[in-house]
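Read off the chains here:
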Amino acid sequence: MKALEATGLRKSYGDRVALEGVSLSVDRGEIVGLLGPNGAGKTTTLSILATLLEPDSGSVRVAGLSPQNDREALRRKLGYVPQAIALYPTLSALQNLELFARIHGAGKRQAAAASAHTLEAVGLAPRAHDSVSILSGGMRRRLNLACAMVHQPEILLLDEPTVGVDPQSREQILATVRSAAESGAAIVYSTHYMEEIERICGRALLIDYGRVVAQGTVAELITLGGRQPRMEIAFQEAPMAGWSAGIDGVSEVPHARSDGKIDLELASLTQVSEILERIRGAGGRVIEFNVHSPSLSDAFIALTGHALREDGGGGR
Amino acid sequence: MLRAAWLIFLNEFRLLTKDRVGLAMLILAPVVIIAVAGFSLGNIYGVRPAVNAYDLPIVDQDHGSAARAIIAALSRNPAVHLESAQSVAGARALVGRRSRVPLAIVIPAGVTAALKAGRPAKLVLYVDPIKRIEVAAIELRLSRMCAEITARAQDNARTRISAANAELRVRLERLAALATTARSDAEHFRHASLSRRDAAQRELDARLRSAMAALAAQTRAAAERSAAAANSELERELAPRRDAMNAVRAYLAALQASERDFKRWLANLRAAAGSHSADIPPPPAFPRPPTPAQLAVLSKPIEISPPATALPEPALPNLSLASVPIPSLAIPDFDAEFKPLLAAPAPTLPGALGWTELPAGRGPAQANAFDQYVPGFGVTFLLIGMMMGISLGLIDERDWGTLARLRAAGAPFAGTLLGKLMARFVIGLMQMALLFAVGRWMFAISLGSEPLMLLIPSAAIAFAAAAFGLIIACIARTHDSVMPFGAVVSMAMSAIGGCWWPIDFEPGWMRAFAQWLPTTWTMQSFNDLMIRNLPGSAIVWPTLATVGLGIVYLIVGIVAASWIYD
């Protein structure tokens, strides 16, 4: 039995369709990424999985429980990390944790112990009694995550848990999520950070305009994107024209850049040294270059036809 | 759900304790406003006016006793602070130019004289039309003062008239008594004179009679002496004759005895003669001797008494006292003259028609302004706190995401609402209780005869306000709209419901509308308990009305909030 299974989720707000036939399943110990631009439908999907929204159609089962029949029991098995920092700003970190632990059904002592343990896990034990309002953004994000984990849920739903955090907090959050998965939690991780998907998710769903564009492992998705390695070069002195002629599979990406750099698409990463030699031979002087392997982002662009956007789309 | 409600209830308190400023403002804000309103408007109610007495310039052009009485009366009134002005122009200039000078008073010359002469007199008030309310409040006090001064003057006049009447009456009574005494003395004198005259007359008569009797006695004695002398002479002359007569009388007596002896002899003879007695001729008859009495007269001594009537009584001379006739004194009938005068009611001044305040109910006639403002502004801030607390709390939680998070964590929305409402209800109740305690301590408000009863309308309005907060949260769904909307609604409900002023100030349509507001019934309850001093039973229906309206708000609020926030 899947820890979480959603089939054919559809949700619309008036004429606007937010989700159209989204299906996913998550096993225990698995982290499934939901990748998509803002408004793609990730939050709507997670809200339906968290039983906060009723889908127009489709079904959800969490640990075999249906939200229609076993909503309260189902909710106790869930840990939901909303995209916003859903904390009481005037309460301390510990008080926030204890409250949600108790709301999830823990007794007073049990809640205190679980809260202390969870604070330790997210690296906030020294700040346990500090008011949320004086914590840094990264700390709040970690606490936001901790509040969803304090009752050790079977299923963890994370909606962009690392938005706007510092690298240290991001690492802490990712480590905590991985740890939860290793403890057997089924995790749905929504983000528009490709890197995070690549780092922690065994599988990912690419969502755009409320539809699942592609799904699979990261490698599978990159392969599905079909993109080549790229090289970005900045010149002190540009080489003579036609310097790249005769190098197999190397072509300049035809778009104008105002910063004097060029983008090359390579057939293989082994061509980098040859390219640099050619430039030098053509009188050019390179002051900086970057080499990009094909990434999930590339795959996303390839699959959706556009880069990740910051807004728009059909999601909520 | 109840567990979630309880946890949310506790969390609300925890959230409130974190907001120390908000917590302090729950009490501080109403106390500040109550103090401001109470001290500002309390003067109109007449409570604690000394702290903000109005400055009243006064010009005394009369300098009489009435003017002094007016100034003294105003000086004693703690609502005003008199400031003597030298001229009318100076006093007028102060009105409006300086704060807290709503009017100036001029006591025109001649006021005292007019009043003493029984003519009406008027003070002149120069008023600032902008300060009509203050002017009206002071004019009311002035009216009362004038009435009191007039009444006092009338009382004094009445007292003087009464004293004069009493003195006149005493004098009249004394005069009447003197007159009566004089009349009595005169009568007595007259009677005494008459009596003395009669006595003199009687004495004169007696003396005359005595003199006459003495004279008669002397005359009789002289006559008796003459008679005795005559008798003596006569005796001397008659003595031999009486002896002769006695001898005759003795002879006659012997003759008479011889006759009797003869008759006895004859009888014996006849007896001895027997049958021949008839033959014995009758003896010759003896002449009848004089009777002894006739014979005694012969021997009776001759006494010559003076003839009783021989001496005529001397006639009394008609000597009447030629006394001066005592004339009747022409003393009037004082009783007839004075009694109607004394019986007639003493003339007095007509009484002044005034009025006195008595409480219609069991409470005092005059209330402490804070008795109105503490519950009134308490309810106002309760409404603001509850409406803002509930609606902003919901909006905050929605914006923070905690509302969704709580639901996702298994707290039913109804439980969350219930917890929030319960917390706010308890906070509101505590707020009201604290306000009453502070009001009692700082402003000496009345808590009525059953202070604990105040918790009932407090609880009812806390419940209704909390429920209405849900409706606010459903109508105004952002911070920016809740603040003005909640403030306007809570203030309008407070004002129309009689929290800021007596509801009877309002026009009929507004009062009709007020029946649908919980504030109206709550204020009625507070007024009944605190000011009218009614028992707890008086607030049953108002409380039911408040709770009923709260239930309606709650149902509407829960339905709307579930639709909007759930």
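Quantities reported herein were computed from a predicted structural model and do not represent experimental measurements. (Residues numbered from 1 in each chain as written. Chains lettered and ligands numbered in written order. Predicted model: local features only at pLDDT ≥ 70, side-chain atom pairs only at ≥ 80, totals over all residues.)

## Digging into the overall build of chain A
- On a plain count of helices and strands, chain A comes out with 10 helices and 13 strands.
- Burial analysis of chain A (316 residues in total) assigns 46% to the buried set.
- A sequence separation of at least 24 residues applies to 72% of the contacts in chain A between residues at least 6 apart. (Helix = DSSP H or I, 4+ residues; strand = E, 2+ residues; numbered from the N terminus. Buried ≥ 20, exposed ≤ 12 C-beta atoms within 10 Å, placed from the backbone. Contact = placed C-beta atoms within 7 Å.)

## Some details on the pairing of strand β12 (residues 261-265) of chain A
All names here are of chain A.
- Here 5 bridges tie strand β10 (residues 230-237) to β12, and the two strands are oriented antiparallel to one another. Looking across to β12, one finds that Ile233 is bridged to Ile262.
- As paired elements, strand β11 (residues 251-252) and β12 share 2 bridges and run antiparallel to each other. Looking across to β12, one finds that Ser251 is bridged to Glu265. (Pairing = 2+ DSSP bridges.)

## Some remarks on the packing of helix α9 (residues 369-400) of chain B against helix α15 (residues 518-531) of chain B
Residue and element names in this part refer to chain B.
- Contact geometry of α9 with α15 gives a least axis separation of 10 Å together with a crossing angle of 150 degrees. When the interaxial angle is binned, α9 and α15 end up roughly antiparallel. By crossing handedness, the relation of α9 to α15 is classed as right-handed. Side by side, α9 and α15 meet where Asp371, Pro375, Gly376 and Val379 of the first sit next to Thr519, Thr522, Met523, Phe526, Met530 and Ile531 of the second.
- A breakdown of the residues in the contact of α9 with α15 according to their chemical character gives 6 nonpolar, 3 polar and 1 charged. (Axes fitted to C-alpha atoms, helices over the stretch in contact; angles between N-to-C directions. Parallel < 35°, antiparallel > 145°, perpendicular 65-115°, else oblique. Left-handed = near helix turned anticlockwise from the far one by under 90°. Nonpolar A, V, L, I, M, F, W, Y, C, P; charged D, E, K, R; others polar.)

## A closer look at the sheet that holds strand β4 (residues 57-62) of chain A
Residue and element names in this part refer to chain A.
- Taken in spatial order, the 3 strands make up an open sheet running β2-β1-β4, and their pairing is antiparallel. Since the sheet does not close on itself, it has two edges, and those belong to β2 (16-26) and β4, each with one partner. On average, each strand axis in the sheet is tilted by 20 degrees relative to the strand beside it, whichever way the strands run.
- Both strand β1 (residues 4-13) and β4 contribute to a ladder of 5 bridges, which runs antiparallel. Across the sheet, residue Leu4 finds its bridge partner in β4, namely Val62.
- Here helix α1 (residues 42-49) sits on the sheet and contacts β1, β2 and β4; the angle it forms with β1, its principal contact strand, is near 120 degrees.

## Considering the nonpolar core
- In terms of nonpolar packing, the biggest core is built from 169 residues, with A:Leu157, A:Ile187 and A:Val188 touching the most fellow members.
- Setting aside anything within four residues of it in sequence, one finds A:Leu157 in contact with A:Leu46, A:Leu49, A:Ala50, A:Leu78, A:Gly79, A:Tyr80, A:Val81 and A:Val188. (Core = buried A, V, L, I, M, F, W, Y, C linked by C-beta atoms within 7 Å.)

## A short note on helix α3 (residues 65-76) of chain B
Residue and element names in this part refer to chain B.
- With 12 residues, α3 ought to run about 16 Å at 1.5 Å a step, and its terminal C-alpha atoms sit 16 Å apart, in line with that.
- Every buried residue belonging to α3 is among Ala66, Ala67 and Ile70, and all of these are buried. One side of α3 holds all its buried residues, which, seen down the axis, span an arc of 100 degrees. Every exposed residue of α3 that faces more than 90 degrees away from the buried side is listed here: Ala72, Ser75 and Arg76.
- On its buried face, α3 sits against β1 (54-60), β3 (103-107), α5 (111-116) and α6 (132-273). (Expected span 1.5 Å × (residues − 1). Arc of directions from axis to C-beta.)

## Observations concerning the interface of chain A and chain B
- Contacts between chain A and chain B engage 22 residues on the former and 18 residues on the latter.
- Looking at the side of chain A that touches chain B, the elements with two or more residues in it are α2 (71-77), β5 (78-81) and α3 (93-103) of chain A.
- No other element matches α3(A), which puts 5 residues into the side of chain A that touches chain B.
- In terms of residue class, the side of chain A that touches chain B is made up of 13 nonpolar, 5 polar and 4 charged.

## Section: the sheet that holds strand β4 (residues 124-127) of chain B
All names here are of chain B.
- The mixed open sheet is built from 4 strands, whose spatial order is β2-β1-β3-β4. The sheet is open, and its two edges are formed by β2 (80-84) and β4, each paired on a single side. On average, each strand axis in the sheet is tilted by 25 degrees relative to the strand beside it, whichever way the strands run.
- Summarising the sheet, β3 and β4 pair through 4 bridges and their orientation is antiparallel. Looking across to β4, one finds that Val106 is bridged to Val124.

## Section: the packing of helix α1 (residues 2-18) of chain B against helix α11 (residues 413-443) of chain B
All names here are of chain B.
- In contact at an axis separation of 7 Å, α1 and α11 are set at 45 degrees when each is read in the N-to-C sense. As summarised for this structure, α1 and α11 are arranged oblique, according to the angle between their axes. Both α1 and α11 take part in a crossing whose hand is right-handed. Contact residues: α1 offers Leu2, Ala4, Ala5, Trp6, Leu7, Ile8, Phe9, Glu12, Phe13 and Leu16, while α11 offers Gly415, Thr416, Leu418, Gly419, Lys420, Met422, Ala423, Arg424 and Ile427.

## Digging into the pairing of strand β6 (residues 155-159) of chain A
Residues and elements named next belong to chain A.
- Along β6, 5 of the 5 residues are buried, which leaves the element largely enclosed by surrounding structure.
- Alternating positions in β6 separate into two faces, Ile155, Leu157 and Asp159 on one and Leu156 and Leu158 on the other, with burial throughout.
- As paired elements, β5 and β6 share 4 bridges and run parallel to each other. Across the sheet, Leu78 pairs through a bridge with Ile155, a residue of β6.
- Relative to strand β7 (residues 186-191), β6 is paired through 5 bridges, and the arrangement is parallel. Each residue of the ladder has a partner; that of Leu156, found in β7, is Ile187.

## So, the confidence of the model for chain A
- Of the residues in chain A, 96% reach a pLDDT of 70 or more, and the chain-wide mean stands at 85.
- For residues 310-316 of chain A, every residue scores under 50 in pLDDT, and the model assigns this stretch 27 contacts once sequence neighbours within four places are set aside. (pLDDT = per-residue confidence, 0-100.)

## Concerning the environment of B:Ala136
Residues and elements named next belong to chain B.
- Looking at where Ala136 falls in the secondary structure, it is placed in helix α6.
- Residue classification places Ala136 among the partly exposed residues on the basis of 13 C-beta atoms within 10 Å.
- Taking the C-alpha atoms as reference points, Ala136 and Pro102, separated by 34 residues in sequence, lie 9.5 Å from one another.

## Observations regarding unusual backbone geometry
All names here are of chain A.
- A positive phi angle is found at Ala63, which is not glycine, with a value near 50 degrees.
- For Ala63, the position within the fold is in the loop between β4 and α2.
- Among the residues examined, Ala63 registers 20 C-beta atoms within 10 Å and is labelled buried.
- Notably, Glu160 is not glycine yet its phi reads approximately 45 degrees, a positive angle.
- The topology assignment puts Glu160 in the loop between β6 and α6 (167-182).

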